[in-house]
Amino acid sequence: MNRKLLAKLPYAPDTLLVTDLDGDEHPKVIVVSVDKLPIWVRFPFDKPSLLRFENCRSIWIEDRRSVLKALPVLTADKRLRLLRWKDGKASLEPLPAFPDVPIDEAWVSKGEGTGTVFLQAYLGKDGWVFTLMPQGEWQFAFRFTNVDIWDIDDPADLDRDGLLDALCVQGYPSEDAWVFWGKRKERETNLGVWMRYGCPQVVDLDGNRWMEIVMLAKDEQLKIWRFDQRERRLKVIAISPPLYFGWANFHLCLFDLDGDGRKEIMVADVSGNFWVFQWRDGKLKM
C-alpha cells in the first residue's frame, strides 16, 4: 500500500487483514480499527481505491495471516454479522446457529497452542464459538451457557469425541483455568489456579494425537493434563518440582527445539531464569 493511499484513511488502523469478500480468489486488504468502519482497499496496486462500509463497525481480530471470505462485524444495533461483497454491493449475513439479537461482546482470537482461529460472542451468560475453516469460512463449533464472560485460550477436541472443547481462563481475582466440554454430562472441569502472564496452552506434546494441557499452577509447578480414556476425565499426568520464579511476570512457550516433531516446554521469567522441559516416554524431564 502506498503512502498516498494510507494518507486518505480517516483513522489509524489497528491492523490490516487479507480478505476475499467477493469470492473471486484474489486477495484484498481490509483496514480495520475496533469500533470503526472497515475499509476495503481494492486493487490493482497502480490505481488502488478505498471502499468504506458505512452500516457496520469492526471488532477486535487478533489473527492477521488467514484469508477471510467473510469479515465478522457489528451492526449499529450490535448484531453480529458476516460482511461480504456480492454483485457490487455489501451484504450482511447472519452466522449459523446464532440468535439474531443484539450481543454484549464479540472478538476473534487465535489459539496459542493449536493455532486455531476462532470467533467468540457473548450474550448475557451464554457464549458461542465459531472456528475459521481453511477455506476462509466460519463454522459453528459449540455453545456454553450460564457462565460469566470468559477468555477462551484455545479450542481443541480434548476427549476426541468429534466436538471441540474450550480451554478457558478467568482473570483477576480468581484466575482459575477451566475446560468447557462440547458434549459431556459434566459441563466443565476446573483445573485450578494458573499463574498470571503465562496462560495455559493446548498441544500434542508426544505426537500421539491426544492433546495435552500445559499449565503453570499457582504453586509455581508445571502441570500437564490429559484426558484419561478409561476414567473418561481429565487427569494430571506430570508435575514438575517448584520452579521458584524470581518475579511474577514470566513466559510459557511451546516450541520444537530439536526438530523431532515434538514440542518442548520453555519457561522464562524476567529475572533471567530459564527452564526447558521435555515430555518423553510418559515422563517429564527438565
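Because the structure is a prediction, the values reported are computed rather than measured.

This brings us to the overall build of the protein chain. Secondary structure summary: the protein chain contains one helix and 26 strands in total. A compact globule built from 286 residues should have a C-alpha radius of gyration of about 19 Å, and the protein chain, at 21 Å, falls within 12% of that. Along the first, second and third principal axes, the C-alpha atoms of the protein chain reach 60 × 45 × 35 Å. For the protein chain, contacts bridging at least 24 residues in sequence account for 37% of all contacts bridging at least 6. Of note, the protein chain has its 40 positive side-chain charges centred 3 Å away from the centre of its 44 negative side-chain charges.

Strand order in the open sheet formed by five strands is β6-β11-β12-β13-β14, with mixed pairing between adjacent strands. The strands lining the two open edges of the sheet, one partner per strand, are β6 (60-61) and β14 (138-144).

With respect to topology, four strands assemble into an open sheet ordered β19-β20-β21-β22, the strand pairing being antiparallel. Two strands in the sheet have a free side with no partner beyond their single neighbour: β19 (201-203) and β22 (233-239). Here the average twist between neighbouring strands, direction ignored, is 30°. Of the pairings in the sheet, the one linking strand β20 (residues 212-216) to strand β21 (residues 222-228) comprises five bridges and is antiparallel in character.

Right, let's talk about the confidence of the model for the protein chain for a bit. In the predicted model, the protein chain carries a mean pLDDT of 86, and the fraction of residues at 70 or more is 91%. Mean pLDDT across the secondary structure elements of the protein chain bottoms out at helix α1 (residues 3-7), with 68, and peaks at strand β8 (residues 71-74), with 96.

Attention now moves to the side chain of S33. Among the secondary structure elements, S33 is positioned in the loop between β2 (28-32) and β3 (39-42). Given the relative accessible area of 8%, S33 is considered buried. If we skip the residues at most four places from it in the chain, S33 touches Y11, A12, P13, D14 and S58.

Attention shifts here to the environment of R233. Mapped onto the fold, R233 is located in strand β22. The spatial distance from the C-alpha of R233 to the C-alpha of L158 is 9.8 Å, given a sequence separation of 75 residues. Contact partners of R233, with chain neighbours within four places excluded, come to R226, F227 and D228. In terms of polar contacts, R233 uses its side chain to reach the side chain of E231, at 2.8 Å.

Ranked by size, the top nonpolar core spans 31 residues in total, and within it I30, F53, L71, L80, F98, L119 and W138 carry the most contacts. Going through the elements one at a time, β2, β8, β9 (80-86), β11 (105-110), β12 (117-123) and β13 (126-132) are the ones with two or more residues in this core. Of the residues forming this core, the biggest block, four residues, is contributed by β9. Discounting chain neighbours no more than four positions away, the residues touching I30 are T15, L16, L17, T19, L21, P38, I39, W40, F53 and L71.

Here the focus is the state of the cysteines. Per the stated rule, a full pass over the model turns up zero disulfides. Left without a disulfide partner, C168 is nearest to the cysteine sulfur of C199, which lies 11 Å away. Residue class for C168 comes out buried when judged on its relative accessible area of 0%. We classify C199 as partly exposed; its relative accessible area is 28%.

Rules behind the numbers
- Residues numbered from 1 in each chain as written.
- Predicted model: local features only at pLDDT ≥ 70, side-chain atom pairs only at ≥ 80, totals over all residues.
- Heavy atoms only, no water.
- Helix = DSSP H or I, 4+ residues; strand = E, 2+ residues; numbered from the N terminus.
- Rg over C-alpha atoms; globule rule 2.2 N^0.38 Å.
- Contact = heavy atoms within 4.5 Å.
- Lys, Arg positive; Asp, Glu negative; His and termini not counted.
- Charge placed at Lys NZ, Arg CZ, Asp CG, Glu CD.
- Pairing = 2+ DSSP bridges.
- Axes fitted to C-alpha atoms, helices over the stretch in contact; angles between N-to-C directions.
- pLDDT = per-residue confidence, 0-100.
- Buried < 20%, exposed > 50% of the residue type's maximum accessible area, 1.4 Å probe, protein only.
- Polar contact = N/O pair within 3.5 Å; in protein donor to acceptor, adjacent residues only side chain to side chain.
- Core = buried A, V, L, I, M, F, W, Y, C linked by side-chain atoms within 4.5 Å.
- Disulfide = S-S within 2.5 Å.

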